[in-house]
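Chain and residue survey
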Amino acid sequence: MNIKLRPEPFGCIVFDTRNRKHVFVDTGEPVRDLDSPETMSYVAEELGYAEGPVQVELVGGTLGSRLSAPLCLYLEITEYCTLRCAHCYKPDDAAHDGMSKEDFFRLLEEAKSMGIFEVRLCGNEPTTSPIFADICRKAQSLGLFLSLNTSGVMGIRRRRQIVAIKPHQVVVSVDGTRETNDTIRLPGAYDRAVALLRMLQEADIPRRINCVLSKLTVDHIDQVVALAKEVGSGISFIPLRTMGRATPFKESSSLTREGMYKAVQHITELKQQVPEVSLETFFDILGHGFWAHHTMDINVPCPAGKNAFVSANGELYPCDWLRYLGDQYCCGDVRENGLRYLWEHSNTLRGFHSIRRRKCLQCSHYLRTCYGGCWCSYQDSIASGDYEDRLCFVELTGQEYSRIR
């Protein structure tokens with residue numbers, strides 16, 4: 001299946017399964033006749049299907065006041081992890097009463113009925129769960145786009161299992177060089193992650209590297225790009241965040257906004273030098289040819305405004321990181337109320353969606369080439385109401401916030 005279409009109050013959303021690209025079609029009213037020749041012609045032109053038939057699946061259909069459903073459901077299927085990374089934000093919580101396989105199956109079936117495009121199995125380490133393969137097969141049987149976040153720290157049997165499952169995309173964590181990665185994660189972690197990337201390449205399974213930018217890794221961006229080129233992967237450069245579990249490494253190694261500016265300058269230069277490697281950062285405002293991994297449409301206050309995260313014990317949050325800022329961001333238990341009800345009726349979620357970043361609204365980059373950075377980095381500016389990401393460096397560019405006249 002190449003294309004999925006979902007009606008929305010403003011028109012519809014087109015999801016291209018080849019590259020996870022979302023296109024928001026704004027007609028001013030819901031597009032219910034999605035398989036009309038006019039809509040099909042628009043889809044083919046917008047997504048580059050100049051030749052050959054367009055395979056289309058119509059999904060969802062229950063319209064709300066905003067988005068009828070999340071674009072992506074991030075799903076934590078276990079609280080166990082093989083590592084204890086120096087930059088990890090997850091605290092040492094007591095074990096919770098986790099969801100059963102049947103609970104996860106019901107949630108996936110509800111995701112399908114809501115028209116959710118993608119299910120992302122994410123950290124802790126999802127591949128360690130005894131029901132990992134069952135969850136993957138269930139999602140695939142429902143026609144959901146299946147993606148996976150993993151450290152890649154596993155044996156050959158587990159790597160072969162992932163290849164046999166054939167997710168639509170696998171995101172592997174690699175932080176700098178072998179030395180820096182293994183210092184942060186575990187001796188031998190780098191070689192195992194690279195081994196997984198090579199197996200994915202051989203199996204032609206789409207893959208991406210996640211690299212956390214810190215003072216330890218920021219000088220090794222070139223080496224990560226070289227690895228990505230070698231294994232045919234893109235890269236998302238994610239700045240180290242200090243929420244959640246406190247560690248000496250996080251306090252000493254998190255970037256300043258000056259450091260982030262320098263890193264993005266270099267990554268922007270590399271985009272011109274190595275165009276075959278897709279490079280993404282949180283503040284991609286310096287170059288041309290910008291491509292957003294997270295669509296800017298209806299993207300307030302951040303990507304969490306259009307996705308959803310469900311923890312291993314069934315709690316719904318706008319994103320995983322937000323649960324470590326306090327219980328005020330918990331939107332309820334999907335086992336008790338169901339995902340659809342919470343998405344449509346949660347006052348917590350509605351309040352989060354209504355937040356506006358005062359400082360970002362003055363900047364012409366906002367929702368054009370920047371979605372405002374990470375909501376979890378707002379602590380320093382919450383009192384003023386600016387809700388500014390502490391790593392935002394637009395002032396350093398001399399653009400004076402690139403204010404809209």
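As the structure is a computational prediction, the values presented were derived from the model and not from experiment.

We now examine the pattern of salt bridges. Summed over all chains, the structure comprises 22 salt bridges. In this structure, the salt-bridge partner of R18 is D16, at a minimum N-O distance of 2.6 Å. Owing to a relative accessible area of 45%, R18 belongs among the partly exposed residues under this scheme. Residue class for D16 comes out buried when judged on its relative accessible area of 0%. Between E76 and K90 there is a salt bridge, with its nearest N and O atoms 3.1 Å apart. Within this pair, whereas E76 is found in strand β5 (residues 72–76), its partner K90 is found in the loop between β5 and α2 (101–114), the two being separated by 14 residues in sequence. An identical accessibility class is assigned to E76 and K90; each is buried. Linked through salt bridges whose partners overlap, the residues forming this network are E76, K90, D320 and R323.

Relative to the 24 Å expected for 17 residues at 1.5 Å per residue, helix α9 (residues 257–273) spans 24 Å between its end C-alpha atoms, a close match to the ideal helical length. Within the span of α9, buried status applies to G259, M260, Y261, A263, V264, I267, T268 and L270. Elements in contact with the buried residues of α9: β9 (207–213), α7 (221–231), β10 (234–239) and β11 (279–280).

Unusually for a residue other than glycine, K166 sits at a positive phi of about 60°. The phi torsion at D204 lies on the positive side, around 60°, for a residue other than glycine. Topologically, D204 is positioned in the loop between α6 (189–202) and β9.

On to the sheet that holds β10, then. Think of a sheet as strands paired side by side through backbone hydrogen bonds, with each pair either parallel or antiparallel. Read from one edge of the open sheet, nine strands run β11-β10-β9-β8-β7-β6-β5-β12-β13, paired in mixed fashion. Each having just a single partner strand, β11 and β13 (316–317) make up the two edges of the open sheet. Across four bridges, the pairing between strand β7 (residues 145–150) and strand β8 (residues 169–173) is parallel. Counted as the bridge partner of T150 is V172 from β8. On top of the sheet, α6 reaches β7, β8 and β9; it is set at about 160° to β8, its chief contact.

Our next topic: the environment of L67. Looking at the element boundaries, L67 is found in the loop between β4 (56–58) and β5. Classification of L67 as buried rests on a relative accessible area of 4%. Taking the C-alpha atoms as reference, L67 lies 9.5 Å from I13; in sequence the two are 54 residues apart. Aside from chain neighbours lying at most four places away, what touches L67 is E8, F10, I13, F24, I298, K306 and W343.

The next point concerns helix α3 (residues 132–141). Residues of α3 that are buried include every one of F132, A133, I135, C136, K138 and A139, and no others. Contacts made by the buried residues of α3 are with α2, β6 (118–122), β7 and α4 (156–165). Downstream of α3 by a residue or two, G143 has a phi angle that is positive, lying close to 80°.

For any two helices packed against each other, the geometry is given by the interaxial angle and the distance between the axes. Where α7 contacts α9, the two axes come as close as 11 Å, and the packing angle between them is 35°. The handedness of the crossing between α7 and α9 comes out as right-handed. Mapping the contact onto sequence places I221, D222 and V225 in α7 and A263, H266, I267 and L270 in α9. Partitioning the contact of α7 with α9 into residue classes produces five nonpolar, one polar and one charged.

Moving on, we come to the sheet that holds β4. A sheet is described by the order of its strands in space; here four strands give the open sequence β3-β2-β1-β4, paired in mixed fashion. Every other strand in the sheet has two partners, leaving β3 (21–26) and β4 as the edge strands with one partner each. Sheet twist, expressed as the average angle between the axes of neighbouring strands with direction ignored, equals 25°. Where strand β1 (residues 3–8) and strand β2 (residues 11–16) come together, six bridges link them in antiparallel fashion. In the sheet register, L5 faces β2, and the bridge partner there is V14.

On a regular strand, each side chain points to the face opposite its neighbour's, so the side chains alternate between the two faces of the sheet. Within β2, six of the six residues are buried, leaving the element largely enclosed by the surrounding structure. Two successive antiparallel strands, β1 and β2, enclose a turn made up of two residues. As paired strands, β2 and β3 are joined by six bridges and run antiparallel to one another. Its bridge partner lying in β3, V14 is registered against V23. In this antiparallel pair of consecutive strands, β2 and β3, the connection spans four residues, and R20 shows a positive phi of 65°.

Criteria and cut-off values
- Counting restarts for each chain: residues are numbered from 1 in the order of the written sequence.
- Residues qualify for local features only when their pLDDT is at least 70, as the model is predicted, and side-chain atom pairs are given and counted only at 80 or more; totals for whole chains, interfaces and linings, by contrast, use all residues.
- Note that water and hydrogens are dropped before the side-chain values are worked out from all heavy atoms of the structure.
- Here a salt bridge means any side-chain nitrogen of Lys or Arg lying within 4 Å of a carboxyl oxygen belonging to Asp or Glu.
- Buried, partly exposed and exposed residues are distinguished by accessible area as a fraction of the type maximum, computed with a 1.4 Å probe on protein chains only: under 20%, between the cut-offs, and over 50%, respectively.
- A run of H or I in DSSP becomes a helix once it reaches four residues, and a run of E becomes a strand once it reaches two; helices and strands are each numbered from the N terminus.
- Between the first and last residue of a helix there are one fewer steps than residues, each counted as 1.5 Å, and that sum is the expected span.
- Contacts were defined at the residue level, with two residues in contact if any of their heavy atoms lie within 4.5 Å.
- Pairing between strands is defined by DSSP: at least two bridges between the two strands are required.
- Only the contacting stretch of a helix is used when fitting its axis, a line to C-alpha atoms as for every element, and angles between N-to-C directions run 0 to 180 degrees.
- Each helix crossing is assigned a hand: it is left-handed if the near helix lies turned anticlockwise from the far helix by less than a right angle, otherwise right-handed if that turn is clockwise.
- Following the grouping adopted for this structure description, the nonpolar residues are Ala, Val, Leu, Ile, Met, Phe, Trp, Tyr, Cys and Pro, the charged ones are Asp, Glu, Lys and Arg, and the polar ones are all others, Gly among them.

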